[in-house]
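# Residue-level structure breakdown
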Amino acid sequence: MAASELIEEDEVRIPVEANVTSLNSPAQTHPQRVANGNPTHHALTLSPPADDHDGTNSSERSGLCSLVLIQSLNRKLKRRCEYEKICAKEEHTDRLPDEWWKTGVAFLYALFNLVFTTVVITIVHERVPDKSVSPPLPDKFFDYVDRVPWAFTVTETNGLILVGLWLVQWLFLKHKAIVGRRCFFLIGTLYMYRCVTMYITTLPVPGKHMVCAPKLYNDSRGKIWRILRLISGGGLSLTSSHLMCGDFLYSGHTVMLTLSYLFIQEYSPRWMWWYHWFCWALSISGVICILVGHEHYSVDVVVAYFVTTRTFWWYHTMANTHELRGAPNNYLSRVWWNPVFNFLEKNVQTTVPVVFLSPRALLSSCKERYHTIGIERDE
Amino acid sequence: MKTVEAWSAEDVSDWLNKEGMPEYIKVLHQTDGPALLSLTKADFTVPPLSRVSPDGGEQLLERIEILQIETHIEDHKNGHANGHIGGIPNGTSKLQRNGTLGRKDFETKIRIPIPTVEPPRSSFPTEWGKTGIAFIYAIICFVTTTVVISVVHERVPPKEHTPPLPDKFFDLFDRREWAFSICEINGMLLVGLWLIQWILLKHRSIIGRRFFFIVGTLYLYRCITMYITTLPVPGMHFKCSPKLLGNWEAQMRRIMKMIAGGGLSITGSHTMCGDYLYSGHTVMLTLTFLFIKEYSPRRFWYYHWFCLVLSAFGIFCILLAHDHYTVDVVVAYFITTRLFWWYHTMANQQSLKETSQSNLLSRVWWYRLFQYFEENVNGTVPRNYQLPLSARAFHWNHAVKYSRLDIQ
């Protein structure tokens, strides 16, 4: 073959960094136009020989030709140059590892913050000015809409439905661990912010209708009972656990309604628009009913909505946009919880896809896990 | 692509043009495909070809040869899938023999697409029009805030009726009278420093646009929170001017006075109460510090620290003077920093300037406005400085760009 002859007869003058593992471009030589007719045989004389005249066996011949070419090139290169070995990318490093223990840590964080909120509510309750001393503040919404007694029940019902829907949805997600981690972290952080704002300034009760439990000035035991009661009732008025006042800025009910809607929407398929609309309606009506029931000031609800949505979008953009990680001008990383974020999301390398497991798959994966644990125990 | 044999005289002329050999067009205007192929070296030794050809026709003959290969390869391309090593346009392989063009060893010829060189547009166009719009937006927001303060003032419950709310900071620290003046002096200093710094920046139109937009939005948010719920005065020391119930003219005058005084108590323009949630002073102190730090060189750490101290102490003094509740200050700080960082992250990252499923930052209500302001800004705005009057001098540094003239 002409080309291999060429290689035999000429020395490789220019070191070639060729990728000998691929048949494709032995790329990096310089195509040189010879101006004065001097022959310079490049190593890139791997161009196949005259194939022009018979197209019939040309592919076979050229295949063979390429093989011979490569072998000779290989020999040449081994003699003279170093070449780089390019490995095929290792398949299947898990880009969405589960890491249930991190979810556990996030769960503890959320739990701690919920308990802490309860403690702060109890403390703040002692400082709420009495209705007679400090009447309800002027509020634009209350001027326009009079109080409707059953409205708050609607809010809490909606909240329970939304949380229930989200729970069911979460159970069927494939990447439960990652999504659960995010949910717990956001709940924990939002409730922590709430502790701060509730504690530093105490707003008076929004309406004369509110019944506040009497103050227990130094009765620590009574306070602990109250805390436990509040936790066990989930902080809902429906369960009669929430008799304390003072936790107005900002509204925890709005946080739960908004956050569960955001999660439901984010982690469900896009074609289920009717489901999204239904949840959105539940959420919005719940929030409006808080105000209609005169249970919170308007500013409580607005601030809660703002903080919840911003924090949710912030976190998810940081998680989904991988160019931001380690970028120098990533201002999103200047939040105080950036180290926690890095801990939780370090090994998550892509956007979490919305994939659901069928009930059977879910059961079988549970069984598998128990089965594995059983085997380990036997061993 | 039809083979050269089928070319007409026009095709030949087109091809000559394309190959960058327009000098032959006139002479070969009657030549069609086969005639072109039959050109030999001998033809170039006699006129008319000898007159136009600078190199005895070598280049043209070579090109013709290549053309033949090309058309041949085009025809057989599918059959030769992996056979030709050089068949991928990553490089060109061209072997020159001893200058003889007789040997018909074909090399594969790959076309290298050379991108046409466009004159590079500036990545940071000035677009003062957009800055003007942002400025008007900020002005509207300021005026709206003043109007809302005036409206809210009418609704503030009197301090005897509703005493100041319990506040943790007020429990720990007693009031100092001089504190609020310090806060306002710090604020004015920071705004002055920022103004000077802004004038010295090279890309002042872009940065100015950002500042006006962020300030405007923050004050707009403030209007909303002030208006919907009215907090009582934080301290009994407050002297609120009397309410002008329904007297529009007096209210207008009050609004004008406030705008003229910049909303500061030092200038005596701010005698109205009710604008507590959230604190505008904190917004200005925090925002000017963020901008100063962002758009000044990194090595000026002493300058950054100085501004930080001014800012932090100013905020502390607001609380020390019992002029705002603690929650006002905390919420103001939170909203200001988040908005600043949100905006700048989006502005610096090209992938965040488009809406997509993974870009949740785009779900804010002001995203379209942001896109309008920042669509032509590519990349992070560099911290370059330039005296304002030498702007015109800057233009004649433009290098002259040459581009290839196309005949016809």
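Residues numbered from 1 in each chain as written. Chains lettered and ligands numbered in written order. Predicted model: local features only at pLDDT ≥ 70, side-chain atom pairs only at ≥ 80, totals over all residues. Heavy atoms only, no water.

The next thing to look at is the overall build of chain B. Within chain B, the secondary structure is distributed over 14 helices and zero strands. Going from the N terminus to the C terminus, chain B shows its helices and strands as α-α-α-α-α-α-α-α-α-α-α-α-α-α. Residues classed as buried in chain B amount to 48% of the 408 residues present. A fraction of 77% describes how many contacts in chain B between residues 6 or more apart in sequence connect residues 24 or more apart. When the accessible surface of chain B is totalled, it reaches about 21000 Å², and 62% of it is carbon and sulfur. (Helix = DSSP H or I, 4+ residues; strand = E, 2+ residues; numbered from the N terminus. Buried < 20%, exposed > 50% of the residue type's maximum accessible area, 1.4 Å probe, protein only. Contact = heavy atoms within 4.5 Å. Areas by Shrake-Rupley, 256 points an atom, 1.4 Å probe, with all protein chains shown as cover.)

What follows is about the nonpolar core. Core analysis: the biggest nonpolar cluster contains 154 residues, and W166, F263 and W337 of chain A together with W194, I214, F291 and W366 of chain B have the highest contact counts within it. When neighbours within four sequence positions are excluded, I214 of chain B is seen to be in contact with L287, F291, L339, F340, Y343 and H344 of chain B. (Core = buried A, V, L, I, M, F, W, Y, C linked by side-chain atoms within 4.5 Å.)

The next thing to look at is the UniProt feature "domain: Sphingomyelin synthase-like" (unreviewed entry) in chain A. Under the present numbering, the feature "domain: Sphingomyelin synthase-like" (unreviewed entry) in UniProt falls on residues 244–317 of chain A. Across residues 244–317 of chain A, the secondary structure splits into 74% helix and 0% strand, with the terminal C-alpha atoms separated by 37 Å. (UniProt positions renumbered as here; feature names shortened; annotations may be inferred.)

Let us look at the packing of aromatic side chains. Counting across every chain of the model gives 49 aromatic pairs over all chains. Arranged with centres 4.6 Å apart and planes meeting at 25 degrees, the rings of F169 of chain B and F173 of chain B form a pair that is stacked. Residue classification places F173 of chain B among the partly exposed positions, given a relative accessible area of 33%. On the basis of an interplanar angle of 20 degrees and a centroid distance of 5.9 Å, the ring pair of F291 of chain B and Y295 of chain B is categorised as stacked. Taking the relative accessible area as the measure of exposure, F291 of chain B reaches 0% and is therefore buried. Grouped by ring-pair contacts, the aromatic residues Y137, F213, Y343, W366, Y367, F370, Y372 and F373 of chain B constitute a single cluster. When the ring centre of F343 of chain A is taken as reference, the NZ or CZ atom of K102 of chain A above it lies at 5.2 Å. (Phe/Tyr/Trp six-rings, centres within 6.5 Å; stacked < 30°, edge-to-face > 60°. Lys NZ or Arg CZ within 6 Å of the ring centre and 35° of its normal.)

The full count for this structure, using the stated rule, is two disulfides over all chains. Disulfide pairing is shown between C212 of chain A and C245 of chain A; the S-S distance is 1.8 Å. Judged by the sign of its S-S torsion, about -100 degrees, the cystine formed by C212 of chain A and C245 of chain A is left-handed. Residue C212 of chain A is located in the loop between helix 6 (176–200) and helix 7 (220–232), and its partner C245 of chain A is located in the loop between helix 7 and helix 8 (252–266); the two are separated by 33 residues in the primary sequence. Disulfide partner of C240 of chain B: C273 of chain B, at an S-S distance of 1.8 Å. Disulfide C240 of chain B-C273 of chain B: torsion about the S-S bond near -100 degrees, hence left-handed. Of this pair, C240 of chain B sits in the loop between helix 9 (204–228) and helix 10 (248–261) while C273 of chain B sits in the loop between helix 10 and helix 11 (280–294), and the two are 33 residues apart along the sequence. Judged by relative accessible area, which is 33%, C240 of chain B ranks as partly exposed. You can call C273 of chain B buried: its relative accessible area is 1%. Summary of cysteine pairing: C307 of chain B is not part of a disulfide, and the nearest cysteine sulfur, belonging to C183 of chain B, is at 15 Å. A disulfide-free cysteine, C317 of chain B has its sulfur positioned 6.9 Å from the sulfur of C183 of chain B, the nearest such atom. (Disulfide = S-S within 2.5 Å.)

Okay, the UniProt feature "transmembrane region" (unreviewed entry) in chain B next. Residues and elements named next belong to chain B. Feature annotation in UniProt places "transmembrane region" (unreviewed entry) on residues 131–152, 178–199, 211–229, 276–293, 300–321 and 327–343, given in this structure's numbering. The distance separating the terminal C-alpha atoms of residues 131–152 is 31 Å; by composition the span is 100% helix and 0% strand. Each end of residues 300–321 is marked by a C-alpha atom, and these two atoms are 32 Å apart; helix forms 91% of the span and strand 0%.

Moving on, we get to the environment of M198 of chain A. Residue and element names in this part refer to chain A. For M198, the location among the structural elements is in helix 6. For the pair formed by M198 and V120, sequence separation is 78 residues and the distance between their alpha carbons is 7.8 Å. Apart from the residues lying within four places of it in its own chain, the contact partners of M198 are T117, V120, I121, V124, D247 and L249.

Next up on the list: the side chain of R222 of chain B. Structurally, R222 of chain B can be placed in helix 9. Beyond its immediate chain neighbours, meaning those up to four positions away, R222 of chain B contacts T145, D275, L277, Y278, S279 and G280 of chain B.

With that settled, the discussion passes to unusual backbone geometry. Geometrically, the link from L249 of chain A to Y250 of chain A is a cis peptide bond, its omega value of 5 degrees lying close to zero. Considering the arrangement of structural elements, one finds Y250 of chain A in the loop between helix 7 and helix 8. Of the consecutive residues L277 of chain B and Y278 of chain B, the connecting peptide bond is found in the cis state with omega at 0 degrees. Checked against the element boundaries, Y278 of chain B lands in the loop between helix 10 and helix 11. Positive phi outside glycine occurs at H322 of chain B, with the angle close to 55 degrees. Tracing the backbone through its elements, the reader meets H322 of chain B in the loop between helix 12 (301–320) and helix 13 (326–348).

Bringing the UniProt feature "transmembrane region" (unreviewed entry) in chain A into the picture now. Residues and elements named next belong to chain A. UniProt's feature table lists "transmembrane region" (unreviewed entry) at residues 105–128, 148–172, 184–201 and 271–293, given in the numbering used throughout. Note that residues 105–128 is 88% helix and 0% strand, and that its end C-alpha atoms are spaced 34 Å apart. Summarising residues 184–201: 94% helix, 0% strand, and an end-to-end C-alpha distance of 27 Å.

The next subject is the side chain of H344 of chain B. Relative to the helices and strands, H344 of chain B resides in helix 13. By relative accessible area, which is 0% here, H344 of chain B ends up buried. Within polar-contact distance, the side chain of H344 of chain B engages the side chain of Y295 of chain B at 2.8 Å. Among residues more than four places away in sequence, those in contact with H344 of chain B are Y331 of chain A together with R210, I214, F291, E294 and Y295 of chain B. (Polar contact = N/O pair within 3.5 Å; in protein donor to acceptor, adjacent residues only side chain to side chain.)

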